[in-house]
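# Close look at the chain arrangement
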Amino acid sequence: MRRSLAPSLIFAAALPLAGCVSSMQSPLGWYPVHGGNAPQNLRLTICHGFGCARSTQVQLTERDVAALRRLMARGAGNPSAERAAIAEAVKWVERRVGPIVGSDEDVGGLDLHNAGVPGQMDCLDETTNTTSTLLLLAQYDLLQHHTVAYPVARGFFLDGRYPHATAVVAETASGTRWAIDPWPYANGADVDVMPLDAWYAVWPSSS
């Protein structure tokens, strides 16, 4: 599926708004604004091409759920361990869908020359897809210490930073929100996991 609105326009217009929403807003509210769909019956809508200009449906299986369950079991003991497991799950899903979507060659970080290229992802694509992975984990009760929160953004050109968004989880006990951000890295290579306040403060930023 391909949307007609230019990815650069989506990127510039939508990101500043993402940082202004209430932290209490459901993450499901992200999709009508930014594209894609929440996971349904193990079907993931993977955004790519920048700004969710393209989307590809990927049907996961119960075998995939079993693999994610094993990964997440490593983090059952405490919130810190669960965040490490979440990072592994996000990387696992990226590698799982990559050959289907064509995102296995996705370049990490700021790569505007790849805007519109199938399989290449900007931070809106990455944020949408990561939020979908997090919602899938929640759907199967694989999150014991966190809930999925609405994504956020930082930077708005005037402060010298390029706009950048991230998926977010909230620690259940403390309420502390954490950025779950694979965008700086190539497909399935790594994920930044940090307190949201620290993520907001990153400066200077290459995003």
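Scroll up a little and you will see the structure.
Everything numeric here is computed off the predicted structure, so don't read it as measured data.

This brings us to empty space enclosed by the protein. A complete count under the given rule lists two cavities of 30 Å³ or more for this structure. Computed from the structure, the largest cavity encloses a volume of approximately 80 Å³. Residue lining of the largest cavity: Ile 46, Val 90, Val 93, Glu 94, Val 97, Met 121, Glu 126, Asn 129, Thr 130, Thr 133 and Asn 187, and that is the complete set. Secondary structure elements with two or more residues in the lining of the largest cavity: α4 (79-101) and α5 (123-139). Each residue belonging to the lining of the largest cavity can be placed in one class, and the counts come to five nonpolar, four polar and two charged. Of the voids in this model, the second largest cavity is the one considered here, and its volume is about 50 Å³. Taken together, 10 residues make up the lining of the second largest cavity; nearest its centre are Phe 50, Leu 110, Leu 112, Asp 122 and Trp 183. Class assignment for the residues of the lining of the second largest cavity results in seven nonpolar, one polar and two charged.

Along a regular strand, successive side chains alternate from one face of the sheet to the other. Burial runs high along strand β4 (residues 164-171): eight of the eight residues are buried. Judged from the seven bridges that link them, strand β3 (residues 146-154) and β4 form a sheet pairing that is antiparallel. Bridged to Thr 147 within β4 is Ala 170.

Moving on, we come to the environment of Arg 154. Tracing the backbone shows Arg 154 in strand β3. In this structure the C-alpha to C-alpha distance between Arg 154 and Val 202, which are 48 residues apart in sequence, comes to 9.1 Å. For Arg 154, the side chain forms a polar contact with the main-chain oxygen of Trp 199, separated by 2.7 Å.

Before going further, it helps to spend a moment on α5. Helix length check: α5 (17 residues) gives 24 Å between terminal C-alpha atoms against 24 Å at 1.5 Å per residue, within 8%. Counting buried residues in α5 gives 15 out of 17 residues, a clear majority hidden from the surface. For α5, the N-terminal capping position is held by Asp 122, with its side-chain oxygen 3.2 Å away from the main-chain nitrogen of Leu 124. Just past α5, the residue Asp 141 takes up positive phi, approximately 55 degrees.

Our next topic: the sheet that holds strand β5 (residues 177-181). Read from one edge to the other, the open sheet built from four strands follows the order β3-β4-β5-β6, with strand pairing classed as antiparallel. The strands lining the two open edges of the sheet, one partner per strand, are β3 and β6 (192-195). Pairwise comparison of adjacent strand axes, ignoring direction, gives a mean angle of 30 degrees for this sheet. Against the sheet, α4 makes contact with β3, β4, β5 and β6, and its axis sits at roughly 65 degrees relative to β3, the strand it touches most. Against the sheet, α5 contacts β3, β4 and β5, and its axis sits at roughly 20 degrees relative to β4.

Rules used throughout
Within every chain, residues take consecutive numbers counted from 1 along the sequence as written. Totals for whole chains, interfaces and linings use every residue, but because this is a predicted model, local features are given only for residues with pLDDT of at least 70 and side-chain atom pairs only at 80 or more, for both listing and counting. Calculated side-chain values reflect all of the structure's heavy atoms, with hydrogen atoms and water omitted. A 1.4 Å probe that fits into a set of points on a 1 Å grid over the protein atoms alone but cannot get out defines a cavity; an open set with protein on both sides within 12 Å along at least five of seven lines defines a pocket, and lining residues are those with an atom within 4 Å of a point. Grid points are joined across faces, edges and corners, and a volume is the space filled by probe spheres set on the points. Helix numbers and strand numbers start at the N terminus; a helix is a DSSP run of H or I with at least 4 residues, a strand a run of E with at least 2. Residue classes follow a fixed rule: Ala, Val, Leu, Ile, Met, Phe, Trp, Tyr, Cys and Pro count as nonpolar, while Asp, Glu, Lys and Arg count as charged, and any other residue, Gly among them, counts as polar. Only protein chains enter the area calculation, which uses a 1.4 Å probe; residues under 20% of their type maximum are buried, those over 50% are exposed, and those in between are partly exposed. By definition, two strands form a pair when at least two bridges between them are found by DSSP. Think of a polar contact as two N or O atoms within 3.5 Å of one another; within protein, one of them needs to be a possible hydrogen donor and the other a possible acceptor, and neighboring residues in sequence only count if both atoms come from side chains. One less than the number of residues in a helix, times 1.5 Å, gives the span that helix is expected to have. Axes here refer to lines fitted to C-alpha atoms; in helices the fit is confined to the stretch in contact. Angles between the N-to-C directions go from 0 to 180 degrees. Whether two residues touch is decided by their heavy atoms; if any such pair falls within 4.5 Å, the residues are in contact.

These values are about where atoms sit, not about what they do.
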